[in-house]
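# Geometric and topological summary
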Amino acid sequence: MTFHDRGTSWFLAQLKPNCANIADKNLKRQGFNTFLPMEEETRQRNGKYVTAMRPLFPGYIFVSFDVARGFWRTVNSTHGITRLVSFGKEPTAVPLDLVSQLMLRFDAKGKLLPPKLLKPGDQVTLTKGPFANFVAEVEKIAPDRRVWVLMELMGGQTRVAVGADQLRAV
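Quick caveat, the model's predicted, so the values are computed rather than measured.

So, on to the sheet that holds strand E12 (residues 167–169). If you walk across this open sheet you meet the five strands as E11-E10-E9-E8-E12, and the pairing is antiparallel. This sheet does not close on itself; its edge strands, each paired only once, are strand E11 (156–163) and E12. Direction aside, the axes of adjacent strands within the sheet are offset by 45 degrees on average. Two strands pair when backbone bridges link them, and strand E9 (residues 135–141) and strand E10 (residues 146–153) are joined in this way by five bridges, in the antiparallel orientation. Residue Val138 lies in a different strand from E10, and its bridge partner there is Val149.

Here it is in structure tokens:
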């Protein structure tokens, strides 16, 4: 995953349903640079909480190539890709600043990094466990990366300790 190669631009490709990993694999096999931002999501299934990786932008993947060399037709015909997002006859490039700023918030595998700076009073959303998707307020941050948050439960505030990797700023 690189920000920019000479002569190439980043484009947005629309995916076929549930084909994010297939399209990513096929594009990489053809020599294209791709960026598929992923985040962990916790959902309740069959009475259990299951954490799985899901695309941050469902149905889309970023692809880097040189449009002047006509590679966009190859991308359009890749298994798992519906089409490149375009306004007119040729695909429209995504601004490099936008893609590079997005990449800074993800690790090398495309997984969303936890926020670096939380401070007391910040509003956060819990991302894992039985309180997934609950909004809370940061009360204090312990040196061992444990964060104490205040949650509104059953008409009162409850203090809960969670790991910093389980929080996302609102």
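Note on interface size: it is often stated as the accessible area lost on association of the parts. Assigned domains of the protein: these are domain 1 (8–112) and domain 2 (122–169). Distance between the C-alpha centres of domain 1 and domain 2: 31 Å. Taken together, the contact pairs seven residues of domain 1 with seven residues of domain 2. For the pair domain 1 and domain 2, the summed buried surface comes to about 490 Å²; carbon and sulfur atoms form 46% of the total. Run the count over domain 1 and domain 2 and you get two salt bridges. As a salt-bridge pair, Lys128 and Glu40 come within 2.7 Å of each other at their nearest N and O atoms.

Let us look at the nonpolar core. Within the largest apolar cluster, 16 residues are counted, with the highest numbers of intra-cluster contacts made by Leu27, Ile61, Val63, Phe65, Val75, Ile81 and Leu84. Elements that contribute at least two residues to this core include exactly strand E1 (9–15), helix H1 (20–29), strand E5 (60–65), helix H2 (72–76) and strand E6 (81–84). Among residues more than four places away in sequence, those in contact with Ile81 are Ala13, Gln14, Leu15, Lys16, Ala23, Leu27, Ile61, Val75 and Asn76.

Within the fold, Thr42 resides in strand E3 (residues 38–45). At 3.0 Å, the side chain of Thr42 and the side chain of Thr51 are in polar contact. Of the polar contacts made by the side chain of Thr42, one reaches the backbone oxygen of Thr127; its length is 2.9 Å. Residues in contact with Thr42, not counting those within four places in the same chain, are Tyr49, Val50, Thr51, Thr127, Lys128, Gly129, Ala132 and Asn133.

Analysis parameters
- Residues numbered from 1 in each chain as written.
- Predicted model: local features only at pLDDT ≥ 70, side-chain atom pairs only at ≥ 80, totals over all residues.
- Heavy atoms only, no water.
- Pairing = 2+ DSSP bridges.
- Helix = DSSP H or I, 4+ residues; strand = E, 2+ residues; numbered from the N terminus.
- Axes fitted to C-alpha atoms, helices over the stretch in contact; angles between N-to-C directions.
- Domains from an automatic or database assignment.
- Contact = heavy atoms within 4.5 Å.
- Buried area = accessible area lost by both parts, 1.4 Å probe.
- Salt bridge = Lys/Arg side-chain N within 4 Å of Asp/Glu carboxyl O.
- Core = buried A, V, L, I, M, F, W, Y, C linked by side-chain atoms within 4.5 Å.
- Buried < 20%, exposed > 50% of the residue type's maximum accessible area, 1.4 Å probe, protein only.
- Polar contact = N/O pair within 3.5 Å; in protein donor to acceptor, adjacent residues only side chain to side chain.

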